[in-house]
Amino acid sequence: MSLLSNDLLAGMNPPQREAVEYRGPALLIVAGAGSGKTRVLTHRIAGLIQNREAWPSQILAITFTNKAAAEMRERVEQLIGQASRGMWISTFHSACVRILRSEAERFGFTKSFTIYDSGDSKALIKRLVKQHEADSYGLTVSSVMGRISKLKNELADAESFARQANMSDPVERVFLEIFGSYQREMRRANAFDFDDLIAQTVFLFRAFPEVADTYRRRFRHILVDEYQDTNHAQYALIHELTRPIEDRIPAHEQSPAMLLPVMDAASLTVVGDSDQSIYAFRGADIRNISEFERDFPGAKVVLLEQNYRSTQNILSAANAVIGNNFDRKDKKLWTDVGDGEPIIGFTGYSQHDEAQFIADEIDALRAKGVAYSEMAVFYRTNSQTRALEEIFIRSAVPYKIMGGTKFYERAEIKDALAYLVAVANPADTMAVRRILNRPRRGIGAVTETTIQGIADRADITFRDALRDPAALGLGPKLSGAIAQLDALLDEATALMIPPGGEVPPASSVADGLSLLLNKSGYLDALRASRDPQDEARVENLEEFVVVAKDFARTTPDGTLIDFLTDVALVAAADEIDDSSGVVSLMTLHTAKGLEFDTVFVTGVEEELIPHRISANEPGGPAEERRLFYVGITRARQRLYLTLAMTRAQFGEVSAAMPSRFLQEIPVGLIDWRQTPGDVNSRGGTRSRALNSRGGSGGSGGYGGSGGRAGSGSRTGESWGIRPLPEGASANLGAPRRTGEFPNRITAKVRDNGDLTLEPGDRIRHDDFGEGRVDAVTGEGAKRVAHVRFDTAGTKKLLIKIAPIAKI
DNA sequence: AAACATGGCCTTTTT
DNA sequence: GGCCATGTTT
């Protein structure tokens, strides 16, 4: 007899039911991709509330993105209605901001602290690196930033680092100085960076056990999604929250009976899949999930393996790929919906070719009735968007890039935000300094340093130094400009943060923003500019004002600080608007947790996925494989795997090789429209690239040959690959040497290896005939031969892949 | 102080 | 091929 009403368990398979119904201190749900874990989580929460086992306010659910949080809240509300109000469903970062805002005053911050995004942190570290002349010790801004972030994720601060660092190494000393100054500056600015939000909350709980207790009493059921991607600080936070509450009554008042714990630990449910762990670079520690049973003795483990998302063909490919990671618990996704369509493979000659194929397929699918919003294009690196965008614009494919160059990273938006921060948190000197000369007020670096010096000597903030321009000893023009800025900031403050604790109207953020942008002359300066880009900047700012107005509508009691917090914590995946009829473009990382009918995974090449840089990192290649696996398993109906034979990077063309991961997919599963082998042995499709050199049939590019167009679908057999042997699809657990694998894509790729050519050499080209090498330039995959052909003129050829031989 | 020119360096992924 | 830092000119 079930504990829960039937409608919460209807249509669930046995392990899903168990995951919803189990009650105990700790539960680990190992949820394969598409196995219905969100459903399980929401039904579990709904069950707790419906059964009166918990009040909504006793539930804390942590998700990976704000969007996932909103979705989860909505689904719980659908199940049990308004009874769900009072739950905390949010990301780690949002939850911590909420806690820190109420407790900040205990440890030297105020409620109106601001949040530094990575750009802000970078700017501050850049200044400190310069100040400490750290570059002469080989310290770069990004290395310092990465190290500080890593240390904070491990809950180290400058003091604990100092205790274990090797102080005889001058580089370590300089790093420590910068780390220490960084912390001090952040504190002075009343600001936290992303990593602080988690780490400082942990420190707060450890320093003030009675504060921790109030949250422990409150949250009786804690649920964490995507547990495989938690880092140590997040793990510690969960540990702090799930400790039993001990008696803290002073000793002299204690009776012996009161020494016992007064309240059990909260119950903890975590959901994750180690095969989808893709954030090790950000400090995610896979051991958090793999050692969960050790950390929480007596924990129950439930495995969800049945997949409700994808076709069997897609799952077989995914299983085959991930099976090559050796140190994992074996787990196989399966479905009962049938094989579905084959996976489609395509190799373009260039990244533009690849993009054109995708655009054409999107067109064809659209004509067949597939909505744009059900199609997504994934890539490994953000730089790959360039070619896709060019071709999509030309082909009139509507698209949206999720999280690329983010709206909030644009200079004009950061400026507008700095104005708001200067009002909300005047201690944030970085923000005040940023707006000091924006728009141009004739205040340069020298004046800025003067003001900072005066502020330091008087021991006041930079903002307060602006209040008395006369005392700065500047000329009348500068003093006037500063007085004007000072008055404007005061006026905006009165509007957005009325004195006497009066609650400002919801519209005050948008009004204040408009006031600042107009009265500062910022918008006027842009409108007067002759730089054509400034027109777009004005539009962006207008859009930002609309964002502020929307905020007033959706969050009627939201303050300026709430607005800034929202803006600071938006994630790439949060932007996705399901109703919009456009194709979504995003990185493989951003794709995690999402699903689409049709998925294009692009740039499936060595050096890109697995990324070149990952090769030397411990666990790097395995993480890349998981990333590829995440991409594949996003697809419901149709999966495309595409790549290019040549790819331009840093303005230089180089030869690309098919990714090793392609070979891990059984050959029978992929229907190649154009194999890597087709492209240069037969000429492939004509290069339709924007930048393709003229000449006959697109053959003029690097290494290209005849202008014959590719001839549509081919079966594996027609290009000499034997069909998959009996039983081969099932034996993918053990790693094999790539050469033995049936899907020998790379064997079909022309690879001249280290063919060395020198000026003066004679060569023969499959299409251009014989010629003489004039010069050789470039390195490695980018080696280019400049060849003067006897009849075909001069051509530049990529030596690695061009159909040539030395005579 | 601002506008313009040149050269190095780069890109892995993000809350 | 583009961004950013630095140097040069007005």
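Above this note sits the structure.
Residues numbered from 1 in each chain as written. Chains lettered and ligands numbered in written order. Predicted model: local features only at pLDDT ≥ 70, side-chain atom pairs only at ≥ 80, totals over all residues. Heavy atoms only, no water.

Asks: Would you explain the pairing of strand 1 (residues 26-31) in this entry?
Replies: Within a regular beta strand, the side chains point alternately toward one face of the sheet and then the other, so they alternate between its two faces. Of all the 6 residues making up strand 1, 6 are buried; the element is thus mostly covered by neighbouring parts of the structure. As defined by bridge partners, strand 1 adjoins strand 7 (residues 267-272) across 5 bridges and the pair is classed as parallel. Directly across from A26, in strand 7, lies its bridge partner L268. Sheet topology note: the strand 1/strand 8 (residues 300-304) ladder contains 5 bridges and is parallel. Opposite L27, over in strand 8, you have K300 as the bridge partner. (Buried < 20%, exposed > 50% of the residue type's maximum accessible area, 1.4 Å probe, protein only. Helix = DSSP H or I, 4+ residues; strand = E, 2+ residues; numbered from the N terminus. Pairing = 2+ DSSP bridges.)

Asks: How should the protein's contact with DNA strand B be read in this particular structure?
Replies: Residues in contact with DNA strand B amount to 28 residues; listed here are only the nearest, R380, R440, T587, I613 and E617. At the protein interface, 58% of the atoms of DNA strand B within 4 Å belong to sugar or phosphate. In this structure, a base oxygen belonging to DNA strand B sits 3.3 Å away from a side-chain N or O atom of H93. Within the side chain of T590, one N or O atom sits 3.1 Å away from a phosphate oxygen of DNA strand B. For the surface near DNA strand B, the secondary structure elements donating two or more residues are helix 20 (445-458) and helix 27 (588-591). (Near = heavy atom within 4 Å. Polar contact = N/O pair within 3.5 Å; in protein donor to acceptor, adjacent residues only side chain to side chain.)

Asks: How do you make sense of the sheet that holds strand 22 (residues 804-806) when you look at a structure like this?
Replies: Strand pairing in a sheet relies on backbone hydrogen bonds, with the paired strands running either antiparallel or parallel. Spatial ordering of the open sheet is given by 21-20-19-18-22, a layout of 5 strands whose pairing is antiparallel. The sheet is open, and its two borders are formed by strand 21 (793-798) and strand 22, each paired with just one other strand. Taking the axes of each pair of neighbouring strands and ignoring which way they run, one obtains an average angle of 40° across the sheet. Sheet topology note: the strand 20 (residues 784-789)/strand 21 ladder contains 6 bridges and is antiparallel. Counted as the bridge partner of H786 is K796 from strand 21. (Axes fitted to C-alpha atoms, helices over the stretch in contact; angles between N-to-C directions.)

Asks: Which parts of the structure should I look at to understand the packing of aromatic side chains?
Replies: In this description, a pair of aromatic rings is defined by centroid distance and the angle of the planes. Taken as a whole, this structure holds 26 aromatic pairs when the rule is applied. For the pair F205 and Y215, a centre-to-centre distance of 5.7 Å together with 40° between the ring planes defines the contact as tilted. One end of the pair, F205, is in helix 10 (residues 194-207); the other, Y215, is in helix 11 (residues 209-218), with 10 residues separating them in the sequence. Neither F205 nor Y215 differs from the other in exposure class; each is buried. Members of the aromatic cluster, joined through ring pairs, are F407, Y408, F544, F551 and F563. The ring centre of F175 lies 4.2 Å from the NZ or CZ of R147, which sits over that ring. Positioned above the aromatic ring of F64, the side-chain terminus of K592 is 3.9 Å from the ring centre. (Phe/Tyr/Trp six-rings, centres within 6.5 Å; stacked < 30°, edge-to-face > 60°. Lys NZ or Arg CZ within 6 Å of the ring centre and 35° of its normal.)

Asks: Would you take a moment to explain empty space enclosed by the protein for this structure?
Replies: If you roll a probe as big as a water molecule over the atoms, it shows you where there is empty space left. The final tally for this structure, using the stated rule, is 3 cavities of 30 Å³ or more. If you add up the space inside the second largest cavity, you get close to 40 Å³. Elements supplying a minimum of two residues to the lining of the second largest cavity: strand 2 (59-63), helix 5 (92-103) and helix 12 (232-241). It is helix 12 that contributes the most residues to the lining of the second largest cavity, 3 residues altogether. Here the lining of the second largest cavity is composed, by residue class, of 7 nonpolar, no polar and no charged. (1 Å grid on protein atoms, 1.4 Å probe; cavity = no way out; pocket = protein on both sides within 12 Å on 5 of 7 lines; lining within 4 Å. Points joined across faces, edges and corners; volume = space filled by probe spheres on them. Nonpolar A, V, L, I, M, F, W, Y, C, P; charged D, E, K, R; others polar.)

Asks: Just to check I follow, could you spell out helix 17 (residues 385-394) for this structure?
Replies: Each turn of an α-helix holds 3.6 residues, which means side chains three or four residues apart point in the same direction. Taken together, the buried positions of helix 17 are occupied by T385, A387, L388, I391 and F392. What you see down the axis of helix 17 is that its buried residues fit within an arc of 165°, all on one side. Facing away from the buried surface of helix 17 by more than 90 degrees, the exposed residues are R386 and I393. For helix 17, the elements touching its buried residues are helix 16 (351-367), strand 10 (375-379), strand 11 (399-401) and strand 12 (583-587). A396, located one to two residues past helix 17, shows a positive phi value of around 55°. (Arc of directions from axis to C-beta. Contact = heavy atoms within 4.5 Å.)

Asks: Help me out: how do you make sense of the pattern of salt bridges in this one?
Replies: Pairs can form between side chains of opposite charge whenever their charged atoms are close. According to the stated counting rule, one finds 58 salt bridges in the structure shown. The salt bridge partner of R636 is D597, with a shortest N-O separation of 2.7 Å. With R636 in strand 14 (residues 635-644) and D597 in strand 13 (residues 596-601), this residue pair connects regions lying 39 residues apart in the sequence. Salt-bridge contacts for E770 lead to R762; the nearest nitrogen and oxygen are separated by 3.3 Å. We classify R762 as partly exposed; its relative accessible area is 31%. Connected through salt bridges with shared partners, the residues K37, D225, E226, D229 and K592 form a single ionic network. (Salt bridge = Lys/Arg side-chain N within 4 Å of Asp/Glu carboxyl O.)

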